[in-house]
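Residue-level structural notes
Next come the chains, spelled out residue by residue.
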Amino acid sequence: MSTETKCNPDLVRERAKCTFDVNELINLFYGSEKATKERRHFEDAVLAVKELKDAIPEEYLSHKERYENGVRKATILRDVYRDYKAKHNRDPPPNQITKAVIKDISPFLLHNGMFVPTIAGQGTPEQQAEWLPKAESMQIIGTYAQTELGHGSFIRGLETIATYDPKTEEFVLNNPTLTSFKWWPGGLGSTVNHCVVVAQLYINGKSHGIHPFIAQIRDLDTHKPLPGVKVGEIGPKMGFQTANNGFLGFDNFRIPRKNMLMKNAQVLKDGTFVKGINEKLTYGTMVMVRVGIVGDCSFYAALAATIAVRYSAVRHQSHIKASEPEAQILDYLTQQHKLFIAVASSHVYRNAYLWMEKMYTNVMKELSQDKQDNLPELHATACCLKAVCSRDAGSLVEECRLACGGHGYMASSNLPLTYGVTIAAVTYEGERTVLLLQTARYLMKAWMAALKGKVLSPSVSYLLNSLKESKKPWQNTPEGIVKGFQHVSFGKVKAAYETIQKYMKQGKDYEDAWNLASVQLVKASEAHSRAILCEVSWEAVCSSSASPNLSRVLQQLAQLYLTYWTLETSGDLLLYSNITKDDLIILRDKYEELLVAIRPNAVGLVDGFDLRDEILNSTLGSYDGRVYERLMEEALKSPLNQETVNSSFHKYLKPMMEKAKL
Ligand SMILES: CCCCCCCCCC/C=C\CCCCCCC/C=C/C(=O)SCCNC(=O)CCNC(=O)[C@H](O)C(C)(C)COP(=O)(O)OP(=O)(O)OC[C@H]1O[C@@H](n2cnc3c(N)ncnc32)[C@H](O)[C@@H]1OP(=O)(O)O
Ligand SMILES: Cc1cc2nc3c(=O)[nH]c(=O)nc-3n(C[C@H](O)[C@H](O)[C@H](O)COP(=O)(O)OP(=O)(O)OC[C@H]3O[C@@H](n4cnc5c(N)ncnc54)[C@H](O)[C@@H]3O)c2cc1C
């Protein structure tokens, strides 16, 4: 029997309506047919491992059990990765199968995501040769320990100290205050035995700024903290329950000189400090991860959209017309308004990620040739896109959850957990406002350069164009809308700059003027991000190799994104572009037309994300649409349903009722 015949009939009908080839979309989204095959093949291999299946839903486990189960599965998953690599002589293809296995966040996330990349990016060839083979083969397990109780955003303010002792050629690590304790690093709680510690370097009483050091913190055999190390777990959070975030403090803990990662700056045996070409290269891992987070946002938006769109196709409630049967809730335009933007945004973030990945790779290549010219643009762009995409993705996931009504509130929908994980990215790897202000610094510099008629980097060159060109009449085309967002960014950058100047003319120094203008500066960065997202995604769609049928739908999605944000930010466009009220009315109508046009393809579009049921892990979103059956099946797994009468009845309820009779 085919999967289709077992499916909910609404979903079968939806799939029959689709006007494009879903497999073509899948291959386009993931790069190629070969990439799809390899990814699916790897996912199959993981899912074939029986031990990776959970007996009961994670939510019924205690905090400790959940962590232990997470570690158990992470180690099995690690074996599957290793075997794949041994068999195919290459890493497994990019995939999201960890989501199907760990459900929440792997206790090895920081090992793979930041510990290994920091050794690779910040270590000398000798250090890489020493640590990478051990780390990559999991002989050692590590994390990235930067944030402290007292400081996360302002990393120059970190208080962990590494004092060089030339007599023994060692660094002495100390956490002199409570606020200097490391706080947050994933896996630190009970999993890792090593970490990259970011600490203030002192030589002969002189501070030389923050640098990364490798410290072994637990014994490799007993796993006990080494003498001089105080380490533990920070407790339950809004999400990330299995990430095993921890705290760490050192008391005169010695590590050899070679444990400072010295690709950028060095400490020689005699204590001579050799400065790197650019001290900000020490922040390199964060830049890489910020790029990766834009890709993660695409995944989370796709996951939530898949669940909510499929559920909305299956769910019937009320009537659009009294004479007709109860409508699929997906037929309500308000529901389409809530959901289709999540589908469209996933594509936008995916294209933005691919664009950023190229920029990142180019800059890394240039840095290897000692060329740093494009590093500021990379940093500024990664900061604002990470900030805007993570916040938007969080809101989209929450909107999808709300769009599922009461059932969206069930843990078994997987939408609450997905929200907790998605929204964390607004804070980690650089808090949103703080990162937007970093981009604003870059925009102010670019603006000053534009005023002087200098050539600007590609991502901000529109500032110069907008300055040179007089504003042209608004055009209600995608290209016209992209230009409109560039005008908004231009206007906001200019206004923020002029506000700073105004305060300075009033006698304020630059820093105070900056702070007083900072709400505008943040908004300028947001507008700059939106202009990039619109331009990059529209260009990607126009240059795609998709067939005419698919291309039409992808263009509709991209136009939906542009139109949605035009209507959402119409005040800004009225202020800074030549858009008129009449243009906005036309766009409002166009937006509604787009929702109606996308509607028949809604299920096909989410099928095109190719997220299998095990990854969705949702009663509401599975491919076959057996929503009500799954809700009941999951509810029956509750431990409270494993007994007819719970002991609390005899202990509390009955005595209460009996007392009440007296
Ligand atoms: C082959 C292609 C591969 C593409 C990549 C894809 C790979 C994907 C893999 C990863 C994906 C997912 C992995 C998941 C892992 C997830 C981990 C989740 C767990 C979370 C971990 C963490 O949170 S770790 C801790 C993160 N912490 C932060 O982010 C702290 C934020 N704060 C800062 O970064 C800095 O303090 C701040 C930048 C805000 C300020 O620094 P400061 O030194 O004070 O600098 P300023 O004085 O403000 O500025 C001075 C000038 O320096 C410039 N600058 C600052 N930072 C950088 C930088 N990183 N690079 C370059 N330049 C920088 C700044 O712009 C100033 O310049 P100016 O010219 O003077 O204006
Ligand atoms: C789930 C999760 C996982 C994490 N994992 C790790 C990890 O593995 N390793 C690690 O080292 N860290 C980790 N972190 C820590 C994370 O990187 C920091 O929490 C993050 O960088 C924000 O710093 P903060 O907590 O100091 O926020 P704060 O800077 O204290 O932010 C609080 C408020 O102050 C505002 N603010 C701060 N500075 C400024 C400013 N200059 N201008 C304007 N407003 C400002 C912010 O906008 C925000 O509204 C993790 C955090 C989370 C939530």
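Per an unreviewed UniProt entry, the protein carries the name Acyl-coenzyme A oxidase and comes from Chilo suppressalis. For the record of the protein, the UniProt heading Cofactor (unreviewed entry) holds the text "FAD". As stated in UniProt under Sequence similarities (unreviewed entry), the record for the protein gives "Belongs to the acyl-CoA oxidase family."

Interhelical geometry of helix H10 (residues 333–368) versus helix H11 (residues 375–403) gives an angle of 160 degrees and a closest axis separation of 10 Å. As summarised for this structure, H10 and H11 are arranged roughly antiparallel, according to the angle between their axes. Crossing handedness for the pair H10 and H11: left-handed. Within the contact of H10 with H11, the residues separate by chemical class into 21 nonpolar, three polar and four charged.

The subject of this paragraph is the sheet that holds strand E4 (residues 182–183). Strand order in the open sheet formed by three strands is E4-E8-E7, with antiparallel pairing between adjacent strands. Because the sheet does not close on itself, it has two edges, and the strands there are E4 and strand E7 (229–233). When E4 meets strand E8 (residues 246–250), the two strands line up antiparallel, connected through two bridges. Residue pairing for E8: Trp183 is matched across the bridge by Phe247.

A separate point is the nonpolar core. Counting residues in hydrophobic clusters, the biggest one holds 198 residues, and the most contacted among them are Phe171, Ile217, Phe250 and Leu521. Here this core takes 20 residues from helix H9 (residues 284–314), the largest share from any one element. Counting the residues that make up this core, at least three belong to each of domain 1 (109–276) and domain 2 (467–607). Setting aside chain neighbours within four positions, we find Ile217 in contact with Leu188, Val192, Asn193, His194, Cys195, Lys224, Pro225, Leu226, Val229, Val231, Leu248 and Phe250.

Now for the site of ligand 1. Close contacts around ligand 1 come from 32 residues, with Ser153, Lys280, Tyr283, Arg441 and Lys445 the closest. Between Gln146 and ligand 1, the recorded distance is 3.3 Å, taken from a side-chain N or O atom to a nitrogen atom. Summarising the interface, the protein chains cover 80% of the accessible area of ligand 1, which totals 1500 Å² for the free molecule. Among the elements of the structure, helix H7 (109–122), H9, H10, H11 and helix H13 (432–451) are those that each provide at least two residues to the shell around ligand 1. No other element matches H9, which puts six residues into the shell around ligand 1. A breakdown of the residues in the shell around ligand 1 according to their chemical character gives 16 nonpolar, nine polar and seven charged.

Before going further, it helps to examine the domain arrangement of the protein. Domain boundaries in the protein define domain 1 (109–276) and domain 2 (467–607). Once you take the C-alpha centre of each, domain 1 and domain 2 turn out to be 42 Å apart.

Reading the values: rules and limits
- Residues numbered from 1 in each chain as written.
- Chains lettered and ligands numbered in written order.
- Predicted model: local features only at pLDDT ≥ 70, side-chain atom pairs only at ≥ 80, totals over all residues.
- Heavy atoms only, no water.
- UniProt positions renumbered as here; feature names shortened; annotations may be inferred.
- Axes fitted to C-alpha atoms, helices over the stretch in contact; angles between N-to-C directions.
- Helix = DSSP H or I, 4+ residues; strand = E, 2+ residues; numbered from the N terminus.
- Parallel < 35°, antiparallel > 145°, perpendicular 65-115°, else oblique.
- Left-handed = near helix turned anticlockwise from the far one by under 90°.
- Nonpolar A, V, L, I, M, F, W, Y, C, P; charged D, E, K, R; others polar.
- Pairing = 2+ DSSP bridges.
- Core = buried A, V, L, I, M, F, W, Y, C linked by side-chain atoms within 4.5 Å.
- Buried < 20%, exposed > 50% of the residue type's maximum accessible area, 1.4 Å probe, protein only.
- Domains from an automatic or database assignment.
- Contact = heavy atoms within 4.5 Å.
- Near = heavy atom within 4 Å.
- Polar contact = N/O pair within 3.5 Å; in protein donor to acceptor, adjacent residues only side chain to side chain.
- Areas by Shrake-Rupley, 256 points an atom, 1.4 Å probe, with all protein chains shown as cover.

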